[in-house]
Amino acid sequence: MLVVAPLVVALVLQAFVCYFVILRSDSLTMLEEDTYGLLSERVSSRAGYLENDMVLRWSETGETAQKLSETVSSVLAEHGASAADIETASPLALEIIDSAADDVLSFVRRSEIDGAYFILIDGSQDGLSGEGPRRSALYVLDSNPDVTLENDSDLLLAACPISLAKRTDIALASSWEATLTMGANPDETAYYEKPLAAALEHPDAAVDDLGYWGLPVDIGSTGSRSITYSMPVKDEGGHVVGVFGIEVSVNRLVTFFPYRDLDEAGQGSYILAIGDESSSGLAGSAVSGDRFSLGVIASTGAVQNLYTDSNSLAVLADDRGYLTASADDATGREAAVAASSVIKLYDSTSPFSSQQWYLVGLVPENTLFRASQSLETNLLVILGVSFGVGVLLAAVAAWFSSSRLRRLMGEVRGVGEARGVDPAERFVFRETGVREIDELADSISFFGSGLASAGQRLSRIMALSDHAVGAFEYNRKTGDITYTDRFFETLGAYDFPGLPKGIAQRDLRRGTLSPEDFERLMDAYDPYAENDAQGAKIISLPHRERFLRFVVTDDAAEGSAFGIVEDVTYEIRTRRRIEHERDHDILTGLLNRRAFEQELAGIFARGDLEFAAMGMLDLDNLKFMNDSFGHDWGDQYIQAAGAALQSVVREGDVCARISGDEFLVFVRSCTTEEEVAQRFEELRGRLSSAVIEAPDGRMLKVRGSIGVALYPRDASRYDQLRDYADFAMYTAKHYRKGELCFFEKRRYDTQSSLLDKREDLNKLLDEMLVDYHFQPIVDARTGTVFAYEALMRPLLKSFDSPAVVVDLARMQSKLYRIEQMTFFRSLSVFEERDPGTGAKLFVNSIGTQSLSLEDEQDIERRFGSLLDRVVIEITEGDFGRELFGYKESLARRWGSCLAIDDFGAGYNGDATLLELQAAFVKIDMSIVRGIDADVDRQDILRSLLGYAHDRNVRVIAEGVETEGELAAVIRLGVDYIQGFIVGKPSPTPSDAIAGMDEVIRNLNGRS
């Protein structure tokens, strides 16, 4: 036992050293933190997608609610009734439902929702009373919300008057009711009562601010539970007449957060939950010990039922900063880790702003942290096995040594008595004649040999481990240095390219390297080493893809030093992979928003920035790609854009994907604005050359709008520079998609002032407060009036020109309303003032907008006799290829013509003329101005005339103001003329200026 004890103590000390060096470092903690950070990123990303769908797609009910308000007001006015006269199933209520049906059905057809409802109040009752009270309502279900079928076969009527079902020829649901049965439980009617109560409590609030997101409910006992979004409907007097809303089924809702995002093995769960003001700490301010209780709305995954109780989820903030769900041995539930993200559905002014929705990602702790736990377990097993084998071998060696010593004691004494002993037998002592001393000397000799062999056995034990470890000991007093067998192999010294001269391979393999040579060898590794947080050196081998941890302990009192080297390649690669996934967008490999902002914060904090540019890229047509071909092709579209962006960045530049279709790039490698412009033009070129092959074989080009702001010219702070780049990008996107636009402070200030006129714009659009003046277009051969162009004149003093109206509408995403008003109002005014000459009417149309089917039918019904005289005029710079087919189809159906305005001013006029089958083109006035004295302008016009006339397209010279210009365009061969010289705009369509027909005929005679 006295022999075995020192060896056991040495093995215990070695085990403790390995344990504290390997397992008690911060590596495992950092691995867990990175894993939790990745979980939080995934939950936040999913919550962002869901919030976008709920706020920007499903809850866009304001326009339809306004139409319903107008319809109800009209019916009430017709009957001389008020909101108080509406009673359930009364003739008045039935007429309101029937009148509102077309607006509700139109909304359902174009929206990706599972149903919509319009429920009227009962003026004879105060609230809901009785068991299962009823209300007059229209409740429509959409069995396939992702597509729109022309025959409405995907729609079902769940509640409506039977006369409406007969009129619309839409099938009745199996649960159909003539009037809608409301639930007796307040939770079942919250979608109806809460918006009504909010409207009564806040009578001056806009109905858009009173929208309410309701918890899952089965409306009308259809057998399907859905979340709802409801808003009150008021008549023109501000009295509440009902509630309009939509529903999205829970079964469809859960497809927006697939649980396999969290864990490939399916052990994670997503939970859509709701809380109140007490749960605000989940937004990131939770401290250790905080408890949160949330109501469960919907969930996915295999484990959510283990952690929810009666539709409730309880989570606790622990001392690690994690949200956790506790274990329960009674149910077999293990502890789980959760990450949450707020889904912001309400503004701060909403009566329901205290209601908070959250998306919670939940993964069992052992599943989430299995990588770090597996690493820790494996290392403990290795240490335990090594220790056990060492003890066993030590015991066997001690027993064997002791028995041999006793058996050979006589022989050793005999050898010691002999003279002329071989010097190699240096541990054999000469006999003293005293038996006890001779035995002690022999024992010391054999004990010395045993120590040397024990060291060799320890090296073999370490060689049995699959974890490469080596060690050395240096005794400064004696100058001796010893190594384990695998020390130099683990160090990679056999084929190390920086091996100092004079060090022999045999000394490395035998472990006989001198202290001086060992010190030179360690110095050669210094260029490839860096210190970690624990003071150890991390060596990156230059000739192998391996990482080593090198730790040296110096014992000054004993005059010795101990060192250990171990292979930590797997640990470092794992940590770097997790850090990369945390900081980078998985789809494109670019930095994500968090990493980009962290990088930019460091750049701005250093204070050495002299010139830079912030660019924001927003992809055009990504929704079209996703909707038309699926998200796989949308991902390819995003990846192609990311590759184009990476191809133009240089050293020092930073780029990132910050959301679904938005990218940011911070350029520091340029020194002037001209270089920045060239760099972003190069990006535009790379984008336009990137092509995606669609499933149907079409080659689709990648296109994006780019906005750029300069440092320090435009802004000196990161957040302001980013906002200005965002403004410039939206300027490019609104005026012409696919363009590059630099930030302009004047435009920014102008458009900021435009925002103060939003209410005036709403009034102008709602009441169509515009008039139209008509400018004649005359025949270039006879001088007779061929057509008139309808020119908008706003009737509100706050708008001094139509351009201001269009700019503000573009900023407010209300260009459709401008398009609608233009057609209805210009045709109406022209019909009233038509001189009866049969002249055509040019109507300015926005190239990126289309009329609804209801608008087209209304125009055909009211102005059918005028439509064959209408010319739909589209500005070349506003030309949208996505809608050119629609414009052509509309013109053919009406018997009308198409015209391209400002032709020659755009960069792709010929391509526009090829893609759009136009009957007329208007030459831009920038070409006409001064053409009589400018040969270059004459050559341009001559070329455009030849190109157009070869395709049977007639040409109008626009902006002709002088006799010289008039003579020049007639001589060059234009077909028609428009400008102040032939006629100014006037409220009533009138002839050209007196005598102009004779002037034109005379000019034709001279030409």
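Just above sits the structure.
Residues numbered from 1 in each chain as written. Predicted model: local features only at pLDDT ≥ 70, side-chain atom pairs only at ≥ 80, totals over all residues. Heavy atoms only, no water.

(A) Representation of helix α26 (residues 884-894) in the model. All buried positions along α26 are accounted for by K887, E888, L890, A891 and W894. Down the axis, α26 shows its buried residues gathered within 160° of arc, on one side only. One or two steps after α26, the chain reaches G895, where phi turns positive at roughly 75°. (Buried < 20%, exposed > 50% of the residue type's maximum accessible area, 1.4 Å probe, protein only. Helix = DSSP H or I, 4+ residues; strand = E, 2+ residues; numbered from the N terminus. Arc of directions from axis to C-beta.)

(B) Inspection of the side chain of T300 at higher detail. Secondary-structure assignment places T300 in strand β11 (residues 291-301). A relative accessible area of 9% means that T300 is categorised as buried. Once residues lying within four places of it in the same chain are set aside, the contact partners of T300 are V254, F257, Y259, G268, S269 and Y270. (Contact = heavy atoms within 4.5 Å.)

(C) Molecular detail of the sheet that holds strand β13 (residues 323-325). The strand order β10-β11-β12-β13-β14-β15 describes a closed barrel built from six strands, whose pairing is antiparallel. Direction aside, neighbouring strands of the sheet carry axes that sit 45° apart on average. Note: strand β10 (residues 269-275) against strand β15 (residues 356-364), seven bridges, orientation antiparallel. Bridge assignment links G275 to a residue of β15, and that residue is Q356. Strands β10, β13, β14 (336-343) and β15 of the sheet are contacted by helix α2 (residues 27-58), whose axis makes an angle of about 35° with β14. (Pairing = 2+ DSSP bridges. Axes fitted to C-alpha atoms, helices over the stretch in contact; angles between N-to-C directions.)

(D) Representation of the pattern of salt bridges in the model. Counted by the stated rule, this structure contains 43 salt bridges. D102 is paired through a salt bridge with R167; the nearest N and O atoms lie 3.8 Å apart. One end of the pair, D102, is in helix α4 (residues 91-110); the other, R167, is in helix α5 (residues 162-168), with 65 residues separating them in the sequence. Of the residues examined, D102 reaches a relative accessible area of 44% and is grouped as partly exposed. (Salt bridge = Lys/Arg side-chain N within 4 Å of Asp/Glu carboxyl O.)

(E) Structural detail: the pairing of strand β12 (residues 312-317). Residues L313, V315 and A317 point to one face of β12 and are all buried, whereas S312, A314 and L316, pointing to the other face, are not buried. Of the strand pairs in this sheet, β11 and β12 are connected by five bridges, and their pairing is antiparallel. Note that in β12 the partner of S293 across the bridge is A314. In this sheet, β13 lies alongside β12 in antiparallel orientation, the contact comprising two bridges. Of the residues in β13, the one forming a bridge with L316 is T324. Adjacent in sequence and paired antiparallel, β12 and β13 are bridged by five residues, among which G321 carries a positive phi angle near 90°.

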